[in-house]
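# Overview (structure and organization)
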Amino acid sequence: MGDTIFQKIIDKELPADIIYEDDKSLVFKDINPVAPTHLLIIPKKQIEKISDAQKEDQDLLGHLFLVAGEVARQLGIQDAFRLVVNNGAGAQQTVFHLHIHLIAERDFSWPPG
Ligand code: DGP
């Protein structure tokens, strides 16, 4: 797997509006937001997509969800947000470094598009 744009953000070679960081994960604003709050939660480990994750990634994947909840609480949006993971080009994944979209402060409908 070659370096993606997200790896460059992790390495601080590219700027991003980072709102949370720890040793395993990074959260920053999406450059092309679809809602007033649109964040990307990513592991620092290179995993192309969720279907490539392995058993050894179990704790890391759990950590990403806990970070999502923590960031949502910090932003005061803990009662209404949506997490989205696009897996593969056929599901509109465009950056092949696993990421969770956190979207909030807009109207939601179901089923999603
Ligand atoms: P996806 O389609 O699920 O692969 O989402 C990739 C998202 O990444 C998309 O919503 C736009 C965002 N994105 C792409 N390039 C950059 C970048 O250089 N900086 C930031 N902050 N976001 C980016």
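Treat the numbers as computed from the prediction; the structure is a model and nothing was measured.

## A short note on the site of the ligand
Neighbouring residues of the ligand: 15 residues in total, closest Asp30, Gln92, Thr94, His99 and His101. Asp30 is positioned with one of its side-chain polar atoms (N or O) 2.5 Å from an oxygen atom of the ligand. At 2.8 Å from an oxygen atom of the ligand is found a side-chain nitrogen or oxygen belonging to Asn86. Relative to its unbound accessible area of 510 Å², the ligand is 84% covered by the protein chains. Given that more than half its atoms are within 2 Å of the pocket grid, the ligand belongs to the largest pocket.

## Concerning the pairing of strand β2 (residues 25–29)
Buried residues dominate β2, accounting for 4 of its 5 residues. Taken together, the 3 bridges between strand β1 (residues 18–21) and β2 define a ladder with antiparallel strand orientation. Note on β2: the bridge partner recorded for Tyr20 is Val27. In textbook terms, the turn of a hairpin is the stretch between consecutive antiparallel strands, and for β1 and β2 this stretch comprises 3 residues. Pairing geometry for β2 and strand β3 (residues 37–43), over 5 bridges, is antiparallel. Looking at β3, one finds that Val27 is bridged to Ile41.

## Quick word on the packing of aromatic side chains
By the definition in use, this model includes 1 aromatic pair. Aromatic pair Phe6 and Phe28: ring centres 5.4 Å apart, planes at 80 degrees, arrangement edge-to-face. You can see Phe6 sitting in helix α1 (residues 5–10) and its partner Phe28 sitting in strand β2, a full 22 residues away along the chain. Phe28 shares its class with Phe6; the two are buried.

Scoring rules and cut-offs
- Residues numbered from 1 in each chain as written.
- Predicted model: local features only at pLDDT ≥ 70, side-chain atom pairs only at ≥ 80, totals over all residues.
- Heavy atoms only, no water.
- Near = heavy atom within 4 Å.
- Polar contact = N/O pair within 3.5 Å; in protein donor to acceptor, adjacent residues only side chain to side chain.
- Areas by Shrake-Rupley, 256 points an atom, 1.4 Å probe, with all protein chains shown as cover.
- 1 Å grid on protein atoms, 1.4 Å probe; cavity = no way out; pocket = protein on both sides within 12 Å on 5 of 7 lines; lining within 4 Å.
- Sits in = over half its atoms within 2 Å of the grid points.
- Buried < 20%, exposed > 50% of the residue type's maximum accessible area, 1.4 Å probe, protein only.
- Helix = DSSP H or I, 4+ residues; strand = E, 2+ residues; numbered from the N terminus.
- Pairing = 2+ DSSP bridges.
- Phe/Tyr/Trp six-rings, centres within 6.5 Å; stacked < 30°, edge-to-face > 60°.

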